[in-house]
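The residues making up each chain are set out below.
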Amino acid sequence: MNCIILEDEIPAQNLLKIFISKVPTLQLVGTFQTANDAKEYLNEHTVDFIFLDINLPDILGIDFIKTVKNPPQVIITTAYPKFAVESFELDTIVDYLVKPFSFDRFLKAIQKVEKAISITQAKSSNNIFLNIDKTLHKVNLDDVLYIESDRNYLTFVTKHKKYVFIDSLKNWSTKLTENFIQVHKSYIINVHQIDKLAGNDIYIGINKIPIGRTFKQEFIKKFNPKNNQ
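Parameters at a glance
- Residues numbered from 1 in each chain as written.
- Predicted model: local features only at pLDDT ≥ 70, side-chain atom pairs only at ≥ 80, totals over all residues.
- Heavy atoms only, no water.
- Pairing = 2+ DSSP bridges.
- Helix = DSSP H or I, 4+ residues; strand = E, 2+ residues; numbered from the N terminus.
- Axes fitted to C-alpha atoms, helices over the stretch in contact; angles between N-to-C directions.
- Buried < 20%, exposed > 50% of the residue type's maximum accessible area, 1.4 Å probe, protein only.
- Contact = heavy atoms within 4.5 Å.

- Labelled according to an unreviewed UniProt entry, the protein chain appears under the name LytTR family two component transcriptional regulator, originating from Tenacibaculum skagerrakense.

**Some words on the sheet that holds strand 11 (residues 180-184)**
As a general point, the strands of a sheet are linked pairwise by backbone hydrogen bonds and lie either parallel or antiparallel.
At step 1: Here we have five strands laid out as an open sheet, ordered 10-9-8-12-11, and antiparallel in their pairing. Edge positions in the sheet fall to strand 10 (162-166) and strand 11, since each of these pairs with one other strand and no more. Each strand of the sheet is rotated relative to its neighbour by a mean of 20 degrees, with strand direction disregarded.
At step 2: Direction of pairing for strand 9 (residues 153-158) relative to strand 10: antiparallel, over a ladder of five bridges. By the bridge assignment for strand 10, Val157 is matched with Lys162.

**Some points on the side chain of Gln13**
At step 1: By the secondary structure assignment, Gln13 is in helix 1 (residues 10-21).
At step 2: By relative accessible area, Gln13 is classed as buried at 6%.
At step 3: Leaving out residues up to four positions away in the same chain, Gln13 has contacts with Ile5, Glu7, Thr31, Phe32 and Gln33.

**Some words on the sheet that holds strand 1 (residues 2-6)**
At step 1: If you walk across this open sheet you meet the five strands as 2-1-3-4-5, and the pairing is parallel. Each having just a single partner strand, strand 2 (27-32) and strand 5 (93-98) make up the two edges of the open sheet. When strand polarity is set aside, the average angle formed by the axes of neighbouring strands in this sheet is 20 degrees.
At step 2: Across four bridges, strand 1 lies against strand 3 (residues 49-53) in parallel orientation. Residue Leu6 lies in a different strand from strand 3, and its bridge partner there is Leu52.

The structure is reproduced here in structure tokens:
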């Protein structure tokens with residue numbers, strides 16, 4: 001992920017640079033002290049997220065991000081916790097770091113950004129990346145048949161293979177495109193992969209998936225056989 005720093009205090013800039021350098025997945029592509037300079041850069045370049053100080057010399061950070069067209073994700077950095085409530089009213093702001101903050105707290109903010117970007121990518125693309133044993137596996141959502149939960153593990157069943165990793169079904173219920181729907185406490189299915197329905201069971205290939213009572217009404221709304229005739 002690439003990022004920029006918009007921070008007018010040099011010591012705070014330097015601390016962020018040190019923390020960023022310790023995370024292999026992060027790439028710092030710009031550091032700015034004024035909103036105008038950052039705005040010029042963002043008009044010409046795309047970044048994944050911004051470390052944004054609230055108390056800038058020319059404008060409040062919250063007001064600045066409102067002026068950016070298609071703003072990236074934002075991690076607020078500030079010495080003023082009173083702005084936290086207002087900042088979270090903006091969808092692009094994913095975390096709020098109060099100075100001074102530790103490296104562990106920094107990492108938690110990065111994890112939140114990764115999750116937010118993953119959700120955005122899933123909604124805008126047919127491809128997702130599954131992090132399994134520190135390796136990212138690219139999966140095309142069109143190839144996913146269903147997702148099964150077993151305690152703390154998820155299994156993505158695709159046309160070609162299965163991907164098993166630690167996660168919760170709830171975490172993915174909001175990440176996936178409209179082609180997916182939860183039909184049971186342990187299953188999310190791709191409605192385009194359904195072969196047949198029989199009673200309270202869904203058949204995807206040789207796999208029989210039950211429809212849970214609390215999910216049935218929503219499933220019927222989502223999957224209407226009349227629409228496929």
